[in-house]
Amino acid sequence: QVPLVESGGGLVQAGDSLRLSCVASGRIFGSDSMAWFRQAPGKERELIGIINWDDSGNYYPDSMKGRFIISRDPAKNAIYLQIDTLKPEDTAIYNCAKSPRPVGGSSDWARSKASYDSWGQGIQVTVSS
């Protein structure tokens, strides 16, 4: 397991953009992948997207394509989640997670919490209208 710490959340206005950060304090291997999840009040945790640490691929569920972009900076041992045109329904706790396998081909496994060996503590994003 690798400790992960998210930052950049808070209270924002609808229509704004926001960038969340997730910094790992241990080694991330080229075969690993990093993901962002979110869990809104009363709803199940959902995958926002996942990126291979070596930048060889990524995956976003159809429902997340368009406003969410994940990037990574190996020099800072970090990944980022850019969220554009925030909506009140984006209000949730956002978590980053690390998987010991890369994404590619079938990506169904990426939706399962069991596919990840490290999780951040989560950070609250609240979008006001």
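Residues numbered from 1 in each chain as written. Predicted model: local features only at pLDDT ≥ 70, side-chain atom pairs only at ≥ 80, totals over all residues. Heavy atoms only, no water.

Novice: Give a detailed account of the side chain of Arg67, specifying residues and quantitative values.
Specialist: By secondary structure assignment, the location of Arg67 is in the loop between strand E6 (58–59) and strand E7 (68–73). Here the side chain of Arg67 touches Thr85 through a polar contact of 3.1 Å, landing on its backbone oxygen. Among the polar contacts listed, one links the side chain of Arg67 to the side chain of Asp90, at a separation of 2.8 Å. Setting aside residues up to four positions removed in sequence, Arg67 forms contacts with Gln82, Ile83, Asp84, Thr85, Leu86, Lys87 and Asp90. (Helix = DSSP H or I, 4+ residues; strand = E, 2+ residues; numbered from the N terminus. Polar contact = N/O pair within 3.5 Å; in protein donor to acceptor, adjacent residues only side chain to side chain. Contact = heavy atoms within 4.5 Å.)

Novice: Could you give an account of unusual backbone geometry, naming the residues involved and the relevant values?
Specialist: Not every positive phi belongs to a glycine, and Asp55 is a case in point at roughly 65°. Residue placement: Asp55 occurs in the loop between strand E5 (46–52) and E6. One non-glycine residue, Asn77, lies in the positive phi region at around 55°. Mapped onto the elements, Asn77 comes out in the loop between E7 and strand E8 (78–83).

Novice: Give me the lowdown on the environment of Asp90, citing residues and values where you can.
Specialist: Of note, Asp90 is situated in the loop between E8 and strand E9 (92–99). You can call Asp90 buried: its relative accessible area is 0%. It is 12 Å that separates the C-alpha atoms of Asp90 and Gly10, two residues lying 80 residues apart in sequence. Not counting the four nearest positions on each side in its chain, Asp90 is found in contact with Arg38, Arg67, Phe68, Ile83, Thr85, Val125 and Val127. (Buried < 20%, exposed > 50% of the residue type's maximum accessible area, 1.4 Å probe, protein only.)

Novice: Account for the pairing of strand E11 (residues 123–128), naming residues and giving values.
Specialist: Because side chains alternate across E11, one face comprises the buried residues Ile123, Val125 and Val127, and the other comprises Gln124, Thr126 and Ser128, none of which is buried. Examined bridge by bridge, strand E2 (residues 10–13) and E11 share 4 bridges and lie parallel to one another. Its bridge partner being in E11, Val12 is matched across the sheet by Val127. (Pairing = 2+ DSSP bridges.)

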